[in-house]
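Given next are the chains, with one letter for each unit.
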Amino acid sequence: MTVNFEFLGEEPLDNVVTCLDYRFDKVVFFCYEEQKAKQGANIFKFLKKYCNVQEIHFCIVSQGNLDDVIRVMRQEIERELEEGNDIYFDITGGESLVLVAFGALSRDYDTPMHVYDIPRNEYQEFACGSTRKLSDCVEKQSVKLDIEKCVEMRGGVVNYQLHKEVKRIKTPEFNHDVSEIWHVAKRFVAFWNPFSDFMRKNLVPNKDWIATQKTEVIEKALASSKERLRSRDKLNQILDALEEARILSILRRDDTEYQIKFKNQAVKECLWEGGSVLELHTYQMFRCSGDDCEIGLHLDWDGIIHPGTTSEDVDNEIDVIQLKNRVLTFISCKSGGVNKKDLYELETVTRKFGGKYARMVLVTMQPMAVVDRLRAQEMGIEILDAS
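Description of the structure in this document. These figures come from a predicted structure and were not determined experimentally.

Sheet analysis places strand β14 (residues 359-364) next to strand β15 (residues 381-385), joined by five bridges and oriented parallel. Within β15, the residue paired with Val361 across the bridge is Glu382. With respect to chirality, the unit in which β14 leads through helix α14 (residues 370-378) into the neighbouring parallel β15 is right-handed.

Here it is in structure tokens:
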């Protein structure tokens, strides 16, 4: 039996990374009581479900007494050796006291150690007097992480019941339409959100995607608007640009009536919700460079989706999530203004579902206030100007 000894730390990825690459029969975690209570159940479930680990054991150690830590660890190590098992020490993410203990015990038992440097995507082995190496002696496996597994590893679940249909379309035609709409949105960036709001309220299509409205109603809606879009000329410019991009057709536009035809349902959804095209464009950018990428996912905090609509479920919708080299990037897209609440929400969900290695990115179309930009930088949030 092959046995991996390691410390159960606060970062779930540190606790499972070795078993993603190597097939162990048993994993023994040395841990503090509070960490076992916080992480134990999720890690146990993940290793059993995805890594085919047969036995998982949690062994409580002292937080401040090195001699006691070594005594407990030695007992566990000798128990495995007496049973003829092949043992290895994983020091990825270990705390200082346990690392010292592992260093001392590796010499006593001629046991190799290894560590993953996850941010650098590197792996190192230390022989420590042993003729064995993990990479030579233990069967390799490849458990591929995806976003869903990463969320599950941290006790959550993706609630696909709340996933919008337009966020699920990934056909080449739709990708092309998104690109065309994006170019128009960038050209009219200051008017894009008011334009979307105006379309949603005043140009509602029938089953054939044809929307008809009296010109008199259009003019009154523009004149009474508190948004920047108050000119019929500007409205016509945006409509002309979208028609040129073959996103919609202008069937009639005169002093009596406006009649336009949307290309399809997905296009209508993009035009009606101002931020959608920025999210879709950002998704297309990050998808190209990641191992996995999703848009508009709802992440449920406790991993239990209750039937129907209920206040029992606590979830966050994330505009875009990318997984690259086992590290998650949480991306918030803002086509309008940004405030400190947006920043704190991004930080909160990233810490919950991404852990200590995760990146935070804010993609904006509008200029940010200096105070908000500085606050974002202090929080470790990268800012990308999409305009």
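Looking now at empty space enclosed by the protein. Considering all chains together, one arrives at two cavities of 30 Å³ or more under this definition. Taken as a whole, the largest cavity spans an internal volume of roughly 40 Å³. Every residue lining the largest cavity is listed: Leu13, Cys150, Met153, Arg154, Arg326, Val327, Leu328, Gly354 and Tyr357. Put simply, the parts of the chain that give the lining of the largest cavity at least two residues each are α6 (147-153) and β13 (327-334). When the residues that make up the lining of the largest cavity are grouped by side-chain class, the tally is six nonpolar, one polar and two charged. What lines the second largest cavity is Ile169, Lys170, Phe174, Asn175, Leu280, Tyr283 and Gln284. The set of elements that each furnish at least two residues to the lining of the second largest cavity consists of α7 (172-187) and α12 (276-287). When residues in the lining of the second largest cavity are grouped by element, the largest group, three residues, is from α12. Of the residues assigned to the lining of the second largest cavity, the class counts are four nonpolar, two polar and one charged.

Scoring rules and cut-offs
- Residues numbered from 1 in each chain as written.
- Predicted model: local features only at pLDDT ≥ 70, side-chain atom pairs only at ≥ 80, totals over all residues.
- Heavy atoms only, no water.
- Pairing = 2+ DSSP bridges.
- Helix = DSSP H or I, 4+ residues; strand = E, 2+ residues; numbered from the N terminus.
- Right-handed = clockwise from strand over helix to strand, strands pointing away.
- 1 Å grid on protein atoms, 1.4 Å probe; cavity = no way out; pocket = protein on both sides within 12 Å on 5 of 7 lines; lining within 4 Å.
- Points joined across faces, edges and corners; volume = space filled by probe spheres on them.
- Nonpolar A, V, L, I, M, F, W, Y, C, P; charged D, E, K, R; others polar.

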